[in-house]
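In case you want the letters, here they are:
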Amino acid sequence: MLKARLLLLLLAFFFAPRPSFSRAPYALRISCGARNDVHSSPTNTLWYKDFAYTGGIPANATRPSFITPSLNTLRYFPLSEGPENCYNINRVPHGHYVVRIYFGLVAEPSFDNEPLFDVSVEGTLIYSLPAGWSNHDDERAFVEALMFLKDGTASLCFHSTGHGDPAILAIEILQIDNRAYYFGKGYGQGMILRTDRRFSCGAQDPKFGADYSADHWGGDRFWNSLPTFGQHSDSVLSTKNSIKQASKSPNFYPEALYQTALISTDSQPDLEYTMEVEPTRNYSLWLHFAEIDSSVTGIGQRVFDILINGDVAFPDVDIVRMAGGVNSALVLNTTVPVSGRSLTITLHPTKGNHAIINAIELFELVLAESKTLPDEIRALQRLKSALGLPLRFGWNGDPCVPEQHPWSGVDCQYDRSIQKHVIDGLGLDNQGLRGFLPNDISRLHHLQSINLSGNSISGVIPSSLGTVTSLETLDLSFNFFNGSIPESLGQLTSLRRLELNGNSLSGRVPAALGGRLLHGASFNFTDNSGLCGIPGLPACGPHLSTGAKIGIGLGTFVAFLLIATCLTCWWKRRQNILRAQRIAARDAPYAKARTHFNREVQMGRHHGHEHARTAAENGPSLLA
């Protein structure tokens, strides 16, 4: 029985429904120039230290506006480090993001305290700082854009325009709902929403939003947008209704947004806003309403038309009917193509005497630029490293976009078949470059011209260049290239101009290149003392293939080893013979004396025997 209960408990544990946990939205806040993490007031928001994202120089900061976060450091980018500088952030999950970049001033009197520069995100130019931006306490102290990030990275670049050094106070990258600010056709298809202005109607001063993302709302005294007339209402919207209505929308609008409103007067029933905009642009307009006037309690008591530049965009707007009741949020959106330099919004009452509005948001629709092929960007970065490209070139971000700021020395072309930019030309002549030409240059498959003349590049010409079949011009003259001309260059059937003069090349010029001269190509091989094989150059000896050359070299090396070995053995044998002769010569006198002594002893013995034999023969001695 106990076992059965335990089994039931285990089954209940494993099969019981569990709460689902979703990944928290991605949020990255960087305090530029900070050496340690920082928490800013009043919300104690965490800003990460600025580390390993980019170059530039950290410095103390002066905040130009109270709208910018309360941070004390920034990072600025002197022109000596290149005209393009970027924050490159990796491992950003795929999704919809709001990106904010805050600008600051370097806190040193020797600096130009108002730099003017361009800002791009993911290769698309989204903002150009206007003159006087640091003298206004409004949204010009930062730029905000809503976009989809799909390739796992976020590239935020700052482009010098010759008016001071770009200085960045802080960066925010915050993930939002994928349907936030959905404006209909074209949404998410390479379209960026750049915040042009956002303000709370009826509020006198700009302020932070009440939501965690801290949207910044300008007041009615906004720098280039003033209502013609109207009066303020400080009624408070019900928190319950606000959240209930906001939850139905892909955007979560803060309840504080509807606590103030602008209401037209009896003498002037129309409410009118006129805003300065850029001509020939498209804008996404968002109008926020809530019936917070206690005098209106039901449907049909307040109805008005909304006109944009004189044309009715929203007829018969009844907030209570469309929002589902009083104290409930209503958001209207439309796309506005603008031909002139102004945008006028008019609220004209048709029932009741007054119109009402709570807030206005205006976004510029920016078509995202098509980026460069990633493989070609990597090839250029490898070339930058191999040639030791000076900092003044920059070469940060995307080489082709924004189109207003391409990389110096790089020519781009848009390929419609792949909807990407490609590199079709390199012009880096007479730049004092050193290093070598890497094999990765062959990854620039669309190159039509290369000019690296007048530098100090050494090493061999990479044979991989023969795979760039679109190449028409190759100028490597007046460098220090050595070795032979690769046979693969003969495969470049489109090559019409080849300049290799003024190097240290040697060997036979490929026959295919020599034959091309008969078809009008212009090749220059002069000032290379070791080249041969075509008219105008010395004649070559018997031509050997690379394999034959290697075989001859190996054979020569083996023969040398054999000869050296034989000579060594002969020398050692000769030394042994000489040593033996020296020993024999040293011991000769002693051997001769010993020989004479032995001979005398032998002769003495022989003489004694003879005497003995004589006595025996003569008989006994008389004395005996």
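Residues numbered from 1 in each chain as written. Predicted model: local features only at pLDDT ≥ 70, side-chain atom pairs only at ≥ 80, totals over all residues. Heavy atoms only, no water.

The name given to the protein chain in an unreviewed UniProt entry is Non-specific serine/threonine protein kinase, with the source organism recorded as Handroanthus impetiginosus. For the protein chain, the Subcellular location (unreviewed entry) comment in UniProt is given as "Membrane". (UniProt positions renumbered as here; feature names shortened; annotations may be inferred.)

The next thing to look at is the overall build of the protein chain. Secondary structure summary: the protein chain contains seven helices and 37 strands in total. Within the protein chain, the fraction of its 624 residues that count as buried is 44%. Sequence-distant contacts in the protein chain: of pairs separated by 6 or more residues, those separated by 24 or more amount to 69%. As displayed, the protein chain offers around 32200 Å² of accessible surface, 56% of which is attributable to carbon and sulfur atoms. (Helix = DSSP H or I, 4+ residues; strand = E, 2+ residues; numbered from the N terminus. Buried < 20%, exposed > 50% of the residue type's maximum accessible area, 1.4 Å probe, protein only. Contact = heavy atoms within 4.5 Å. Areas by Shrake-Rupley, 256 points an atom, 1.4 Å probe, with all protein chains shown as cover.)

Let us look at the state of the cysteines. In the structure shown here, the tally under the stated rule is three disulfides. Linked covalently through their sulfurs, Cys532 and Cys540 form a disulfide whose S-S length is 1.8 Å. Looking along the S-S bond of the Cys532-Cys540 disulfide, the torsion reads about 110°, which is the right-handed sense. For Cys540, a relative accessible area of 23% gives the class partly exposed. Listing the disulfide partners of the protein chain by sequence rank of the bonded cysteines yields 1-2, 3-4, 5-6. The thiol of Cys569 is not disulfide-bonded; the next cysteine sulfur, from Cys566, is found 6.6 Å away. Exposure remark for Cys569: the relative accessible area of 49% places this residue in the partly exposed category. (Disulfide = S-S within 2.5 Å.)

The four strands are arranged 6-12-9-10 in an open sheet whose pairing can be described as antiparallel. Sheet topology places strand 6 (84–90) and strand 10 (124–128) at the edges, where each strand pairs with a single neighbour. Each strand of the sheet is rotated relative to its neighbour by a mean of 20°, with strand direction disregarded. Two elements, strand 9 (residues 116–121) and strand 10, share four bridges in a ladder whose sense is antiparallel. Within strand 10, the position partnered with Val119 by the bridge is Tyr127. (Pairing = 2+ DSSP bridges. Axes fitted to C-alpha atoms, helices over the stretch in contact; angles between N-to-C directions.)

Note: strand 6 against strand 12 (residues 153–163), seven bridges, orientation antiparallel. Directly across from Asn85, in strand 12, lies its bridge partner Phe158. Relative to strand 12, strand 9 is paired through six bridges, and the arrangement is antiparallel. Looking at the pairing, Val119 lines up with Phe158 of strand 12.

With that settled, consider unusual backbone geometry. Look at the link from Val401 to Pro402: it is a cis peptide, with omega at 0°. Relative to the elements of secondary structure, Pro402 occurs in the loop between helix 4 (374–387) and strand 28 (410–415). Residues other than glycine seldom take positive phi values, yet Asn327 does so here, at roughly 55°. Turning to its location among the elements, Asn327 is positioned in the loop between helix 3 (319–323) and strand 24 (329–338). When its relative accessible area of 22% is taken as the criterion, Asn327 is described as partly exposed.

Next up on the list: helix 4. Taking 1.5 Å of rise per residue, the 14 residues of helix 4 would be expected to cover 20 Å, and the 20 Å separating its terminal C-alpha atoms lies within 8% of that figure. Listing the buried residues of helix 4 in full gives Glu376, Ile377, Ala379, Leu380, Leu383, Ala386 and Leu387. Along its buried surface, helix 4 packs onto strand 28 and strand 29 (420–427). Remark: Gly388 follows helix 4 within two positions and exhibits a positive phi of approximately 60°. (Expected span 1.5 Å × (residues − 1).)

The next point concerns empty space enclosed by the protein. Under the criterion given, the structure shown has two cavities of 30 Å³ or more. There is about 50 Å³ of room inside the largest cavity. Every residue lining the largest cavity is listed: His96, Leu146, Met147, Phe148, Phe183, Tyr187, Gly188, Met191 and Leu193. Of all the secondary structure elements, the ones that give two or more residues to the lining of the largest cavity are strand 11 (142–149) and strand 14 (191–200). (1 Å grid on protein atoms, 1.4 Å probe; cavity = no way out; pocket = protein on both sides within 12 Å on 5 of 7 lines; lining within 4 Å. Points joined across faces, edges and corners; volume = space filled by probe spheres on them.)

Taking the UniProt record as the reference, the feature "transmembrane region" (unreviewed entry) is found at residues 550–571. As annotated, residues 550–571 comprises 100% helix and 0% strand, and the C-alpha atoms at either end are separated by 32 Å.

Our next topic: the pairing of strand 33 (residues 480–483). Examined bridge by bridge, strand 31 (residues 458–460) and strand 33 share three bridges and lie parallel to one another. Bridge pairing in strand 33 links Val460 to Asn482. When strand 33 meets strand 35 (residues 504–508), the two strands line up parallel, connected through two bridges. From the neighbouring strand, Gly483 faces strand 35, where its bridge partner is Leu505.

A separate point is the side chain of Glu172. Counting through the fold element by element, Glu172 comes out in strand 13 (residues 167–176). Here Arg29 takes part through its side chain, which lies 2.7 Å from a polar atom of the side chain of Glu172. Apart from the residues lying within four places of it in its own chain, the contact partners of Glu172 are Leu28, Arg29, Trp47, Val98, Val99, Arg100 and Tyr102. (Polar contact = N/O pair within 3.5 Å; in protein donor to acceptor, adjacent residues only side chain to side chain.)

Strand order in the open sheet formed by six strands is 28-29-30-32-34-36, and the pairing between neighbours is mixed. If you trace the sheet from one side to the other, it starts and ends with strand 28 and strand 36 (522–524), each paired once. Ignoring which end each strand starts from, the neighbouring axes of this sheet average 20° apart. Examined bridge by bridge, strand 30 (residues 449–451) and strand 32 (residues 473–475) share three bridges and lie parallel to one another. Bridging across to strand 32, Asn451 finds its partner in Asp475.

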